[in-house]
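# Descriptive structure summary
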Amino acid sequence: MVERFNKKVLERLQSIATRYEDIGEELADPEVLGDQEKYKRLNQESARLADVVAEYTTMQRLEQEIAEAQAMVAESEDEEWRTVALQESEALLVQLQQS
């Protein structure tokens, strides 16, 4: 990911995303399904993390799309195509800043 974000923040977001995935796996475990208290606690934690993970996933997707558009700008020999890719890159940067 481009250095637009603090490394510690990105590490924390990745940690949250990993925890969210782990919770999903735990919720599918038959033993957890049999323990209503644990199931309820995990379900609540999952709900608390869902919005953060969704935003992080969006941020990752936008970063990838920006990198691809910038690569097209750098690699294309066609001026019109470079202009389109540059406009796309700029639009994605705005979208990323708003998320």
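Numbering of residues starts from 1 in each chain and follows the order in which that chain's sequence is written. This being a predicted model, a pLDDT of at least 70 is required before a residue's local features are given, and a value of 80 or more before pairs of side-chain atoms are given or counted; all residues contribute to the totals for chains, interfaces and linings. Hydrogens and waters are ignored; side-chain quantities use all the structure's heavy atoms.

### Thoughts on the overall build of the protein
Filter applied, for reference: Numbering of helices and strands starts at the N terminus; helices are DSSP runs of H or I of at least 4 residues and strands are runs of E of at least 2. As defined in this context, the radius of gyration uses C-alpha atoms, and a globule is described by 2.2 Å times the residue total to the power 0.38. Relative accessibility thresholds used throughout: buried, under 20% of the residue-type maximum; exposed, over 50%; partly exposed, between the two (1.4 Å probe, protein chains only). In this description, contact between two residues means that some pair of their heavy atoms is separated by no more than 4.5 Å. Shrake-Rupley sampling with a 1.4 Å probe provides the accessible areas, and residues are treated as covered by the protein chains on show and by no other component. In this charge count, Lys and Arg are treated as positive and Asp and Glu as negative; neither His nor the chain ends contribute. Charge coordinates come from a single atom per side chain, which is NZ of Lys, CZ of Arg, CG of Asp or CD of Glu.
A tally of regular secondary structure across the protein gives 4 helices and 0 strands. When the elements of the protein are put in sequence order from the N terminus, they spell out α-α-α-α. Relative to the 2.2 N^0.38 estimate, which gives 13 Å for 99 residues, the radius of gyration of the protein is 19 Å and therefore markedly larger than a compact globule would have. Reported as C-alpha extents along the three principal axes, the dimensions of the protein are approximately 60 × 25 × 20 Å. Put simply, the protein has 99 residues, and 23% of those count as buried. Excluding contacts between residues fewer than 6 apart, the proportion of contacts in the protein whose partners are at least 24 apart in sequence is 58%. Carbon together with sulfur atoms contributes 49% to the accessible area of the protein, which is approximately 7,100 Å² in total. Averaging the positions of the 11 positive and the 23 negative side-chain charges in the protein gives two centres separated by 10 Å.

### Section: the pattern of salt bridges
Test applied: By convention in these notes, a salt bridge is any Lys or Arg side-chain nitrogen within 4 Å of a carboxyl oxygen on Asp or Glu.
On inspection of all chains with the given rule, the structure shows 4 salt bridges. For Arg 61, the salt bridge identified is with Glu 65, shortest N-O distance 3.1 Å. Separated by 4 residues within a single helix, Arg 61 and Glu 65 lie in helix 3 (residues 36-75), roughly one turn from each other. Taking relative accessible area as the criterion, Arg 61 reaches 38% and is therefore assigned partly exposed. Across the salt bridge formed by Arg 82 and Glu 79, the nearest N and O atoms sit 2.2 Å from each other. Taken as a pair, Arg 82 and Glu 79 lie in helix 4 (residues 79-98) at a separation of 3 residues, close to a single helical turn. Put simply, Arg 19, Glu 26 and Glu 45 are held in one network by salt bridges that share partners.

### A look at the environment of Gly 24
Along the chain, the position of Gly 24 falls in helix 1 (residues 7-27). The exposure class assigned to Gly 24 is partly exposed, which follows from its relative accessible area of 39%. When the C-alpha positions of Gly 24 and Asn 43 are compared, they lie 8.6 Å apart, and in sequence the two are 19 residues distant.

### Re a nonpolar patch on the surface
Counted only if it meets this: Candidates for patches are residues over 30% relative accessible area with no salt bridge; among them, like charges are joined within 9 Å and nonpolar side chains (Val, Leu, Ile, Met, Phe, Trp, Tyr) within 5 Å.
On the surface, Met 72, Trp 81 and Val 84 cluster together into a nonpolar patch covering about 270 Å² of accessible area. In this fold, Met 72 is placed in helix 3.

### A short note on the nonpolar core
Where we set the bar: Nine residue types can take part in a nonpolar core, namely buried Ala, Val, Leu, Ile, Met, Phe, Trp, Tyr and Cys, and a core is a set of them joined through side-chain atoms within 4.5 Å.
If you look at the biggest cluster of nonpolar residues, it comprises 16 residues, and the most contacted ones within it are Ile 23, Leu 42, Tyr 56, Met 59 and Leu 96. The dominant element in this core, judged by the number of residues it contributes, is helix 3, at 7 residues. Contacts of Tyr 56, omitting those with residues within four sequence positions, involve Leu 10, Leu 13, Gln 14 and Ala 17.

These results come straight from atomic positions and should not be treated as a statement about function.
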